[in-house]
Amino acid sequence: MSTAKTPHGVPLGGMEPQVAEGKVLWHFTMSLDGFVAGPGHSMDWMAGASFRPGLVEEYAATTGAVLGGRDGWDARPDPGGIYGGAWQGPLFVLTHHPEDAKPAPGVTFLSCDVAEAVRIGLAAAAGKNLEVFSPTIGRQLLRIGLIDEIDLHIAPVLLGDGIRLFDDPGGSPVRLALANGDDPGATVNVRYRPLATG
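Description of the structure in this document. (Residues numbered from 1 in each chain as written. Predicted model: local features only at pLDDT ≥ 70, side-chain atom pairs only at ≥ 80, totals over all residues. Heavy atoms only, no water.)

A few points about a nonpolar patch on the surface
Reasoning step 1: On the surface, L32, I154, L158, V188, V190 and Y192 cluster together into a nonpolar patch covering about 550 Å² of accessible area.
Reasoning step 2: Secondary-structure assignment places I154 in strand β7 (residues 149-155). (Patch = residues over 30% accessible without salt bridge, like charges linked within 9 Å, V, L, I, M, F, W, Y side chains within 5 Å. Areas by Shrake-Rupley, 256 points an atom, 1.4 Å probe, with all protein chains shown as cover. Salt bridge = Lys/Arg side-chain N within 4 Å of Asp/Glu carboxyl O. Helix = DSSP H or I, 4+ residues; strand = E, 2+ residues; numbered from the N terminus.)

Structure, rendered in structure tokens:
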């Protein structure tokens with residue numbers, strides 16, 4: 001698959017294309033202030049955000065299975081909405097109460113620990129990536145060393161409220177290594193201008 005590049009040879013968006021390597025991938029579009037969903041898991045704040053050409057198809061092609069949480073599923077119980085319908089595959093929803101979950105084709109409700117959920121999801125992904133679409137599950141997996149990569153698309157919006165990617169009051173900082181670039185400790189620079197309102 002070809003990817004559009006800048007004049008310096010870097011893919012538009014600043015990162016190499018995602019590849020299917022059997023990774024556990026914590027993947028979200030996130031607001032500049034760290035929210036991955038608005039209040040009540042709303043996603044209307046993403047309206048008007050643009051992505052580089054081919055991005056959705058890239059992730060749809062490299063994703064073998066998806067692992068999400070019950071709150072997100074209850075807010076949007078439609079597996080056909082993943083990547084705008086471009087992806088189809090096994091979806092696992094981790095819940096303490098699978099007995100009261102409404103069944104849906106292609107959806108398996110799991111009641112187990114997060115490590116077992118990852119084992120099940122990776123087996124179903126069949127060599128492609130397992131994408132984690134839950135802040136809570138992702139945080140737990142990060143603590144036990146089961147996240148291979150955190151992949152974020154930062155949208156040009158400040159939400160101010162909602163569901164944070166990583167919320168761990170009283171916890172210790174989690175150090176990360178930047179995967180794109182020569183310096184794994186480098187900060188990422190972004191520059192935005194407020195749009196006129198009214």
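Still more ground to cover, so stick around.
Some points on the pattern of salt bridges
Reasoning step 1: One pass over the structure, following the stated rule, counts seven salt bridges.
Reasoning step 2: For E149, the salt bridge identified is with K23, shortest N-O distance 3.4 Å. With E149 in strand β7 and K23 in the segment before β1 (24-31), the pair connects residues that are 126 residues apart, well separated along the chain.
Reasoning step 3: The shortest N-O distance in the salt bridge between D74 and R70 comes to 3.0 Å. Taken together, the residues span about one helical turn, with D74 and R70 both in helix α2 (residues 70-75) at a distance of four residues.
Reasoning step 4: Note on D74: relative accessible area 46%, which makes it partly exposed.
Reasoning step 5: Each of E21, K23 and E149 takes part in salt bridges that share partners, so that together they form one network. (Buried < 20%, exposed > 50% of the residue type's maximum accessible area, 1.4 Å probe, protein only.)

Re unusual backbone geometry
Reasoning step 1: Of note in this structure, H41 is not a glycine but carries a positive phi near 65°.
Reasoning step 2: Note on placement: H41 falls in the loop between β2 (35-37) and α1 (55-62).
Reasoning step 3: In the Ramachandran plot, Y83 falls in the positive-phi region, its phi being about 55° despite a non-glycine side chain.
Reasoning step 4: Of note, Y83 is situated in the loop between α2 and β4 (91-94).
Reasoning step 5: Overall, Y83 belongs to the buried group, its relative accessible area being 18%.

Points about the nonpolar core
A general tendency of soluble globular proteins is for nonpolar side chains to be buried together.
Reasoning step 1: One finds L67, L94, I137 and L141 to be the most contacted residues of the largest nonpolar core, which totals 20 residues.
Reasoning step 2: For this core, the elements supplying multiple residues, two or more each, are β1, β3 (63-69), β4, α3 (114-125), β6 (129-132) and α4 (135-143).
Reasoning step 3: With near-sequence residues (within four places) excluded, L94 lies in contact with L67, G68, G69, R70, L110, C112, V114, A117 and I137. (Core = buried A, V, L, I, M, F, W, Y, C linked by side-chain atoms within 4.5 Å. Contact = heavy atoms within 4.5 Å.)

A look at the layout of surface pockets
Reasoning step 1: Of the pockets and cavities examined, the largest pocket occupies roughly 1,600 Å³.
Reasoning step 2: In this structure, the largest pocket is lined by 50 residues; those nearest its centre are M15, I150, L152, L178 and N180.
Reasoning step 3: Elements supplying a minimum of two residues to the lining of the largest pocket: β1, α1 and β7.
Reasoning step 4: If you tally residues by element for the lining of the largest pocket, the top one is β7, at seven residues. (1 Å grid on protein atoms, 1.4 Å probe; cavity = no way out; pocket = protein on both sides within 12 Å on 5 of 7 lines; lining within 4 Å. Points joined across faces, edges and corners; volume = space filled by probe spheres on them.)

Focus on the sheet that holds β4
What holds strands together in a sheet is hydrogen bonding between their backbones, with the strands either parallel or antiparallel.
Reasoning step 1: The strand order across the open sheet built from six strands is β5-β4-β3-β6-β1-β7, with neighbouring strands paired in parallel fashion. Two strands close off the open sheet at either side, each with one partner strand: β5 (107-110) and β7. The mean inter-strand angle of the sheet, taken between neighbouring strand axes irrespective of direction, is 25°.
Reasoning step 2: Two strands pair when backbone bridges link them, and β4 and β5 are joined in this way by four bridges, in the parallel orientation. In the strand pairing of β5, F92 is matched with T108.
Reasoning step 3: Lying on the sheet, α3 is in contact with β1, β3, β4, β5 and β6; it crosses β3 at an angle near 155°. (Pairing = 2+ DSSP bridges. Axes fitted to C-alpha atoms, helices over the stretch in contact; angles between N-to-C directions.)

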